[in-house]
Amino acid sequence: MSEHWLELLGPALERLEGEFAGLPEARLEPAAMERARAVLDEAARRLGENFPYFHPLYAGQMLKPPHPAARAAYALAMGLNPNNHALDGGRASSRMEVEAVREIARMFGWTEFLGHLTSGGTFANLEALWVGGQMAPGKKVVASEQAHYTHGRISAVLKLEFASLETDARGRMDVSALEAALQAGDVGTVVATLGTTALGAVDPLDEILDLRKRYRFRVHVDAAYGGYFRLVSTLGEEARRAFDRISEADSIVVDPHKHGLQPYGCGCVLFRDPAMGRWYKHDSPYTYFTSNELHLGEISLECSRAGASAVALWTTQRLLPLVPGGEFARGLEQGRAAALRLHERIAGDAQFVAGPKPELDIVVWAVRAGSLAESSQRAQEIFDRAAEGGLHLALAHLPARFFAGAEWAQSGGTVTCLRSVLMKPEHLSWVDEIWERVGKAADRG
Ligand SMILES: *Cc1c(COP(=O)(O)O)cnc(C)c1O
């Protein structure tokens, strides 16, 4: 579980305590400490019930361990527990949030923008769709069938009409279906997903943006999962074209707590136009929102927010700058290389049917069988047996047509398939071991 972060934390805590050296001591009584120790021991035992998310043999859902520096920075800041709602509650951490968010915006090509951290991707998307709804009252939100389910639910919360659009056989938004929807004239916001949750599919943002020559609509990019792949130099041509034009979007969501090496509780929403701040606070001139003395509570729907999240993010980005070719970008490239290798192995194995070639670092595959039902059942068995053998995969329910090589691909149904998110850089050196364990789990002998 890598205890390096504790080594990092010690000296940093001493430094921080030194900053407040003049204060009289206020500590827990020894008896209270003893009781807390005992309960904490119990908590640690309870936590053992989890899957080992930090280990490379956990290759299931989107879980990536926070960087040791992020953990240390989070724990360090938690000693103060700043609140980034207002400068009063989190002076340093609010400034660090502004700086960290500026680096994320710069990654997308924006230097003037409006943005802040949120508790996660859901709330970040809610803010983006809320602003979209204010800008185009009475108009619809549309997203692909493979977009995160949260968009439909958020639209309902915001009382915006929502429609989902078909995808192609690789899980990307079907642009002709989008154009048909736009022709009706009632679409306010189009959600383009750059990195869908199930497949890591990248909607053709370039083609979506081109439609703005003929139709008026806002483009919101949900890159909660995939946003950081903007830095990756090994993308396929189509994904590259989409990421290259991300700066033309009206709003972008990215989750530092997914691929950005952060503890949970860290999403980010960005608006290209700083004037969007007016929807948050009506009586301020918009210049207020671009000033350096920004009061973050004025431009966020959430009030109290963990300053520690901002400190952890700032620290991580200072250590691993968000630049193409840097160490952070190389880590993403390693996960992607692992996914491509696993996909190749699957495609060459007669007992499986490979899903679409990974656009990012997520692999899906089905089990070859005479029927959808049998394939689904075998996937469940392999999933269970792999877990018994220490390899943790995930299951996904996907349209059968995503598995073009299967007998039942055109049956119109849904299949339960295996899914692996290879988002840790170490996955590249573990992928052969992972494949071997998949083989063992599939072996009926
Ligand atoms: C994870 C995810 C979300 C939801 O974000 P949370 O941080 O889990 O709230 C939204 N969209 C996409 C594409 C995601 O992958």
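Owing to the predicted nature of the structure, the values given are computational and were not obtained by experimental measurement. Throughout, residues of each chain are indexed from 1 in the direction in which the sequence is written. Per-residue local features of the predicted model are confined to residues with pLDDT of at least 70, and side-chain atom pairs are confined, for both listing and counting, to 80 or more; whole-chain, interface and lining totals are unaffected and use all residues. Excluding hydrogens and water, the side-chain values take into account all heavy atoms of the structure.

Thoughts on the domain arrangement of the protein
Reasoning step 1: Throughout, the edges of the domains are those of an automatic or database domain assignment. Considered domain by domain, the protein is made up of domain 1 (91-319) and domain 2 (327-441).
Reasoning step 2: Computed over C-alpha atoms only, the centres of domain 1 and domain 2 are separated by 28 Å.
Reasoning step 3: What makes two residues a contact is simply this: any of their non-hydrogen atoms within 4.5 Å. Listed by partner, the interface residues are 32 residues for domain 1 and 18 residues for domain 2.
Reasoning step 4: A combined buried area of about 2100 Å² lies between domain 1 and domain 2, and 63% of that area is made up of carbon and sulfur atoms.
Reasoning step 5: Throughout, buried area stands for the accessible area (probe radius 1.4 Å) lost by two parts on being put together, summed over both. Broken down residue by residue, the surface that domain 1 buries against domain 2 is led by Leu-199, Tyr-225 and Phe-229, which jointly contribute 25%.
Reasoning step 6: Here, a salt bridge means any Lys or Arg side-chain nitrogen found within 4 Å of an Asp or Glu carboxyl oxygen. Scanning the region where domain 1 abuts domain 2 turns up 1 salt bridge.
Reasoning step 7: Pairing of N or O atoms within 3.5 Å defines a polar contact, subject to two protein rules: one partner must be a possible hydrogen donor and the other a possible acceptor, and residues neighboring in sequence count only if both atoms are side-chain atoms. Linking domain 1 with domain 2 are 9 residue pairs in polar contact (both at pLDDT 80 or more), by the criterion used here.
Reasoning step 8: A run of H or I in DSSP counts as a helix once it spans at least four residues, and a run of E counts as a strand once it spans at least two, with each numbered from the N terminus. If you list the elements that add at least two residues to the side of domain 1 that touches domain 2, you get helix H9 (237-244) and helix H10 (256-259).

Observations concerning the pattern of salt bridges
Reasoning step 1: Per the stated rule, a full pass over the model turns up 25 salt bridges.
Reasoning step 2: The closest approach of N and O atoms between Glu-34 and Arg-37, which form a salt bridge, is 3.4 Å. With Glu-34 and Arg-37 both in helix H2 (residues 30-47) and 3 residues apart, this pair spans about one turn of that helix.
Reasoning step 3: A salt bridge links Arg-345 to Asp-432, with the nearest nitrogen and oxygen atoms 2.7 Å apart. Linking Arg-345 in helix H13 (residues 327-347) with Asp-432 in helix H15 (residues 427-442), this pair joins segments that are 87 residues apart in sequence.
Reasoning step 4: Under the relative-accessibility criterion, Arg-345 is labelled partly exposed at 32%.
Reasoning step 5: Linked by salt bridges that have partners in common, Asp-168, Arg-170, Arg-172, Glu-238 and Glu-359 make up one network. Relative accessibility thresholds used throughout: buried, under 20% of the residue-type maximum; exposed, over 50%; partly exposed, between the two (1.4 Å probe, protein chains only).

A short note on the layout of surface pockets
Reasoning step 1: In this structure, the largest pocket encloses a volume near 940 Å³.
Reasoning step 2: In this analysis a 1.4 Å probe is tested at points of a 1 Å grid over the protein atoms alone, and where it fits but cannot get out there is a cavity; an open set with protein on both sides within 12 Å along at least five of seven lines is a pocket; lining residues have an atom within 4 Å of a point. Lining the largest pocket are 26 residues; nearest its centre among them are Met-1, Leu-47, Phe-54, Pro-66 and Arg-71.
Reasoning step 3: Breaking the lining of the largest pocket down by element, the ones donating at least two residues are helix H1 (4-19), H2 and helix H3 (68-78).
Reasoning step 4: Under the scheme applied, nonpolar residues are Ala, Val, Leu, Ile, Met, Phe, Trp, Tyr, Cys and Pro; charged residues are Asp, Glu, Lys and Arg; polar residues are all the others, including Gly. Looking at side-chain class alone, the lining of the largest pocket contains 19 nonpolar, 4 polar and 3 charged residues. Grid points are joined across faces, edges and corners, and a volume is the space filled by probe spheres set on the points.

What to know about the sheet that holds strand E4 (residues 187-193)
Reasoning step 1: Two strands qualify as a pair provided that DSSP identifies no fewer than 2 bridges between them. Read across the sheet, 7 strands follow the order E1-E7-E6-E5-E4-E2-E3 without closing on themselves; strand pairing throughout is mixed. With partners counted over all chains shown, the strands left at the sheet margins are strand E1 (114-118) and strand E3 (162-165), one partner each. Geometrically, the sheet is characterised by an average inter-axis angle of 20° between neighbouring strands, direction not taken into account.
Reasoning step 2: Of the pairings in the sheet, the one linking E4 to strand E5 (residues 218-222) comprises 5 bridges and is parallel in character. Across the sheet, the residue bridging to Thr-189 is Arg-218, located in E5. Axis geometry follows a simple rule: fit a line to the C-alpha atoms, using only the stretch in contact for helices, then measure angles between N-to-C directions, giving values from 0 to 180 degrees.

Observations regarding the packing of helix H4 (residues 91-107) against helix H12 (residues 307-319)
Reasoning step 1: Orientation of H4 relative to H12, taken along the N-to-C sense of each, is 50°, at an axis distance of 8 Å. Regarding the angle of H4 to H12, the classification is oblique. The chirality of how H4 crosses H12 is left-handed. Within the contact between the two elements, H4 uses Ser-93, Met-96, Glu-97, Glu-99, Ala-100, Glu-103 and Ile-104 and H12 uses Gly-307, Ala-310, Val-311, Leu-313, Trp-314 and Gln-317. Note on angle classes: values under 35 degrees are labelled roughly parallel, values over 145 roughly antiparallel, values of 65 to 115 roughly perpendicular, and the remainder oblique. In this scheme, a crossing is called left-handed if the near helix is turned counterclockwise away from the far one by less than a right angle; it is called right-handed if the turn is clockwise.

Re the site of the ligand
Reasoning step 1: Among the 14 residues in the neighbourhood of the ligand, the closest are listed as Gly-121, Thr-122, Asp-222, Asp-255 and Lys-258.
Reasoning step 2: One of the side-chain N or O atoms of Thr-197 is found 2.9 Å from an oxygen atom in the ligand.
Reasoning step 3: A distance of 2.7 Å separates an oxygen atom of the ligand from a polar atom in the side chain of His-257.
Reasoning step 4: Listing elements by their share of the shell around the ligand, those giving two or more residues are helix H5 (121-135) and H10.
Reasoning step 5: Among the elements that take part in the shell around the ligand, H5 stands out by supplying 3 residues, more than any other. Throughout, the term near means that a residue has one or more heavy atoms lying within 4 Å of the molecule or strand in question.

A look at a nonpolar patch on the surface
Reasoning step 1: Candidate patch residues must exceed 30% relative accessible area and have no salt bridge, after which like charges are joined if within 9 Å and Val, Leu, Ile, Met, Phe, Trp or Tyr side chains if within 5 Å. Under the convention used here, a 1.4 Å probe and the Shrake-Rupley method define accessible areas, while residue burial counts only the protein chains that appear. Side chains of Phe-20, Leu-23 and Leu-80 sit close together on the surface and give an oily, nonpolar patch of about 320 Å² of accessible area.
Reasoning step 2: Mapped onto the secondary structure, Leu-80 falls in the loop between H3 and H4.
Reasoning step 3: With relative accessibility at 49%, the residue Leu-80 sits in the partly exposed group.

Notes on the pairing of strand E7 (residues 267-271)
Reasoning step 1: A large share of E7 lies buried, amounting to 5 of its 5 residues.
Reasoning step 2: Residues of E7 alternate between two faces, with Gly-267, Val-269 and Phe-271 on one and Cys-268 and Leu-270 on the opposite face, all of them buried.
Reasoning step 3: As paired elements, strand E6 (residues 251-254) and E7 share 4 bridges and run antiparallel to each other. Within E7, the position partnered with Val-254 by the bridge is Cys-268.

Topic: the sheet that holds strand E8 (residues 352-354)
Reasoning step 1: Strand order in the open sheet made by the 4 strands is E8-E9-E11-E10, with antiparallel pairing throughout. In this open sheet, the two strands that pair with only one neighbour each are E8 and strand E10 (394-399). Shown here is a sheet whose adjacent strand axes are inclined to one another by a mean of 40°, direction ignored.
Reasoning step 2: Note: strand E9 (residues 362-367) against strand E11 (residues 414-421), 4 bridges, orientation antiparallel. Its bridge partner being in E11, Trp-365 is matched across the sheet by Leu-418.
Reasoning step 3: Along the sheet, H13 makes contact with E8, E9 and E11, crossing E9 at roughly 15°.
Reasoning step 4: On top of the sheet, helix H14 (residues 372-388) reaches E8, E9, E10 and E11; it is set at about 30° to E11, its chief contact.

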